[in-house]
Amino acid sequence: MTESPTPSSAPELFSWEFASNPYPAYAWLREHAPVHRTTLPSGVEAWLVTRYADARQALADPRLSKNADHHDEPSHAKGKTGIPGERKAELTTHLLNIDPPDHTRLRRLVSKAFTPRRVAEFAPRVQQLTDDLIDAFATKGEADLIHDFAFPLPIYAICDLLGVPREDQDDFREWAGMMIRHGGGPRGGVGRAVKRIRAYLVDLIHRKRGALTDDLISDLIRASDHGEHLTENEVAAMCFVLLLAGFETTVNLIGNGTHALLRDQEQMRKFRAAAAQGDTSVLDAAVEELLRYDGPVEFATWRFATQPLEIGGQRIATGEPVLVVLAAANRDPARFEHPDVLDLDRRTNPHLGYGHGIHYCLGAPLARLEARTALATLMDRFPDLKLAADPAELRWRGGLIMRGLRSLPVSFTP
Ligand code: HEM
């Protein structure tokens, strides 16, 4: 896929064109204004960090806090910026919004329950879910891969892993849909969905406590560190962050990844060959490259300066928000050869798609398993899968943190 050339003057950020293809704008920023102060669509001013070296450093800088209490916004704007964690509520105080030592304690406890082994044992279930979803549209000759496939797969997967009974999982599908569709801060559809999820989780956790089984919620309740356990509210917030961080990200990794392959026949052939041979190490490297090339997390989540500091030679004052643009860093020519080329054979690929430092994605093993299974099965089942829309007409969601398609129409021989 060829990219448009770098614009010659300062690009307009957050426009419709930008949402469809932000990469030329990021190329301009990396070159001319690598640490750039901008006004976001919400009205909040923030610094955008676009070069790889600066991004990697900022992600691990302990002077940048995840706690929105450090934000210097004027008091009249408090609670209206849409910054998560700003309106303190039980579910929104979670790993992504807290700093050490609380973060260290919670992350250690969840790591005891959400282990790579648990994820590896889950592989047959992910394959089953993938096959069932594909079976439901396989005879039709066409599908919207977001609605019919990428969207339901991660929500059923995380619900199964947590131990949400199957008969309740369609409620989660609906609440997750409300969160994706409505966006727009704590009072709108998101607020309603969060309330319902919270009520459901608190009740489920309470019931599980009486009869622990072999699922992630039971293990979160059991987990202890030096005799310390998670409280019921902490378990609920942990389940919530796993849903929140593990859902739309995976939808978009499957969506953006399929889109990138459909637009590049040569890379698609390579991917199909690896899928046909069941070569997991080649497939895993391919998924990493899809994540670098057009990953689901465009910006890392909010960070705030707790003291004056410099990033890439730019002074940042105490209280100012910093957004690390992972999508820009992952296309930095100073780190990646031919960064705008999708190259599934790329072997050195230290992309920042899962973040870096203490907040590095906790769910990366699950995301890799789901993406590998979903993409390999899809390509294997439909040898002539094609995009059924003009690429220029595809609509991308305009949110700040995530990058993903609203729909991905495809056709194939049933
Ligand atoms: C954190 C990306 C899937 C759970 C992160 C961060 C990134 C990321 C970039 C760091 C954010 C920051 O530093 O501001 C992704 C991508 C995924 C994915 C690209 C899929 C393709 C998942 C899944 C789960 C998950 C499936 C769990 C079920 C988490 C959690 C954190 C996190 C809990 C917070 C960790 C912490 O703050 O200590 N993810 N993620 N993610 N992710 Fe993922």
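The structure under discussion appears in the preceding block.
Keep in mind that what you see is a predicted model, and the values were worked out from it rather than measured.

Considering the overall build of the chain
Alright, step 1. Check the secondary structure of the chain and you find 16 helices and twelve strands.
Alright, step 2. Relative to the 2.2 N^0.38 estimate, which gives 22 Å for 414 residues, the radius of gyration of the chain is 21 Å and therefore close to what a compact globule would have.
Alright, step 3. The principal-axis extents of the C-alpha atoms in the chain amount to approximately 65 × 60 × 35 Å.
Alright, step 4. Taken across its 414 residues, the chain has 42% of its residues classed as buried.
Alright, step 5. Sequence separation of 24 or more characterises 69% of the internal contacts of the chain that already satisfy a separation of 6 or more.

Some remarks on the sheet that holds strand S12 (residues 409–411)
Two orientations exist for strands paired in a sheet by backbone hydrogen bonds: parallel and antiparallel.
Alright, step 1. In space, the three strands of this open sheet follow the order S4-S12-S11, with antiparallel pairing throughout. At either margin of the open sheet sits one strand with a lone partner, and together these are strand S4 (142–144) and strand S11 (386–387).

Side note on the sheet that holds strand S3 (residues 64–65)
Alright, step 1. The sheet built from five strands is open, its strands ordered S1-S2-S10-S7-S3 with mixed pairing. Two strands bound the open sheet, and with one partner strand each, they are strand S1 (35–39) and S3.
Alright, step 2. Of the strand pairs in this sheet, strand S2 (residues 45–49) and strand S10 (residues 321–324) are connected by three bridges, and their pairing is parallel. Across the sheet, the residue bridging to Leu 48 is Leu 323, located in S10.
Alright, step 3. Lying on the sheet, helix H3 (residues 52–59) is in contact with S1, S2, S3 and S10; it crosses S10 at an angle near 125°.

Rules used in this analysis
- Residues numbered from 1 in each chain as written.
- Predicted model: local features only at pLDDT ≥ 70, side-chain atom pairs only at ≥ 80, totals over all residues.
- Helix = DSSP H or I, 4+ residues; strand = E, 2+ residues; numbered from the N terminus.
- Rg over C-alpha atoms; globule rule 2.2 N^0.38 Å.
- Buried ≥ 20, exposed ≤ 12 C-beta atoms within 10 Å, placed from the backbone.
- Contact = placed C-beta atoms within 7 Å.
- Pairing = 2+ DSSP bridges.
- Axes fitted to C-alpha atoms, helices over the stretch in contact; angles between N-to-C directions.

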